[in-house]
Amino acid sequence: MRIGVLAIQGDVREHLQHLVQVGADAVSVRTLADLAYVEGLIIPGGESTTIGMLMQEEGLIGAILQRVTNEGFPVYGTCAGLILLAKDVIGKSPARLGLMDIVADRNAYGRQVASFEADLDIVGVEGGPFHAVFIRAPQIIAVGTNVIPLAYYRDQVVMARQGSLLVSSFHPEMTKDTRIHHYFVDLVARRVMTS
Ligand code: GLN
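From a predicted model like this one, the values you see are computed outputs, not experimental measurements. (Residues numbered from 1 in each chain as written. Predicted model: local features only at pLDDT ≥ 70, side-chain atom pairs only at ≥ 80, totals over all residues. Heavy atoms only, no water.)

**Concerning the site of the ligand**
Argument step 1. Surveying the vicinity of the ligand reveals the residues Gly45, Gly46, Glu47, Ser48, Cys79, Ala80, Ile83, Arg106, Asn107, Ile135, Arg136 and His171.
Argument step 2. Contact between the ligand and arginine 136: a nitrogen atom at 2.8 Å from a main-chain N or O atom of the residue.
Argument step 3. Contact between the ligand and histidine 171: a nitrogen atom at 3.0 Å from a side-chain N or O atom of the residue.
Argument step 4. In isolation the ligand has 300 Å² of accessible area, and contact with the protein removes 98% of it.
Argument step 5. Here the shell around the ligand is built from residues that sort into 4 nonpolar, 5 polar and 3 charged. (Near = heavy atom within 4 Å. Polar contact = N/O pair within 3.5 Å; in protein donor to acceptor, adjacent residues only side chain to side chain. Areas by Shrake-Rupley, 256 points an atom, 1.4 Å probe, with all protein chains shown as cover. Nonpolar A, V, L, I, M, F, W, Y, C, P; charged D, E, K, R; others polar.)

Have a look at this one:
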């Protein structure tokens, strides 16, 4: 299973390492040619405006949209990646994929406190709570009926899935726990069409 990590910004190396640990063939994705050879993609955290604009310049926005629509291409967006996947965003965010039926508030948690950690129970992730690290995290303030919430922090959805699209407002690559990467690799293996 060959899975890509968008290598524009963020913890690219950590995501690649986690993917390798769960048995995937992990590669960096920077260009359309790279994208063509992966069966799923992780978009790491960072600055969503910058990542979106650079993706646009490379033609990656259009190519990913097409693959998601045509073949249910699995994409996992963490933090800034969540903002890029959200259909609607509060706060400026010019270039985005806008695929997932959620509304994200860009720096909502960041306005309260820059970063925090929490132990979360995640649907479909066995073996006890997952230690989640939030950094200037976006908040999911609304989810569509076709979106399945997978984890909550203080009654707010912080991880969710819609078909083969996965988002989390926290960074799963910042601890040694590889269970969320394993969950995504499983999703790639099953490839559910996104409605
Ligand atoms: N809030 C940031 C943004 O708007 C995302 C922060 C992160 O990815 N750690 O891009």
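**Let's talk about helix 1 (residues 12–21)**
Argument step 1. Within helix 1, the full set of buried residues consists of Val12, His15, Leu16, His18 and Leu19. In an axial view of helix 1, the angular spread of the buried residues amounts to 165°, which keeps them on one side of the axis. Exposed residues pointing more than 90 degrees away from the buried face of helix 1 are listed as Arg13 and Gln21.
Argument step 2. Contact partners of the buried residues in helix 1: strand 1 (2–6), strand 2 (25–29), strand 3 (40–43), strand 4 (75–78) and helix 7 (179–190). (Buried < 20%, exposed > 50% of the residue type's maximum accessible area, 1.4 Å probe, protein only. Helix = DSSP H or I, 4+ residues; strand = E, 2+ residues; numbered from the N terminus. Arc of directions from axis to C-beta. Contact = heavy atoms within 4.5 Å.)

**Remarks on the nonpolar core**
Argument step 1. Among the nonpolar cores identified, the biggest contains 34 residues, and Leu120, Ile122, Phe134 and Phe170 are the most heavily contacted of them.
Argument step 2. If you list the elements that add at least two residues to this core, you get strand 1, helix 1, strand 7 (115–120), strand 8 (130–135), strand 10 (148–153), strand 11 (156–162) and helix 7.
Argument step 3. When residues in this core are grouped by element, the largest group, 6 residues, is from helix 7.
Argument step 4. When sequence neighbours within four positions are dropped, the list of residues in contact with phenylalanine 134 reads Ala114, Ser115, Phe116, Ala118, Leu120, Val158, Ser169 and Phe170. (Core = buried A, V, L, I, M, F, W, Y, C linked by side-chain atoms within 4.5 Å.)

**As for the environment of histidine 131**
Argument step 1. Following the sequence through the fold, histidine 131 ends up in strand 8.
Argument step 2. Take histidine 131: its relative accessible area is 32%, and that puts it in the partly exposed class.
Argument step 3. Sequence spacing of histidine 131 and histidine 171 is 40 residues, and the spatial spacing of their C-alpha atoms is 9.7 Å.
Argument step 4. Once you skip the residues sitting within four places of it in the chain, histidine 131 turns out to touch Glu117, Ala118, Asp119 and Thr175.
Argument step 5. A distance of 2.6 Å separates polar atoms of two side chains, one belonging to histidine 131 and the other to glutamate 117.
Argument step 6. Reaching out from histidine 131, the side chain makes a polar contact with the side chain of aspartate 119 at a distance of 2.7 Å.

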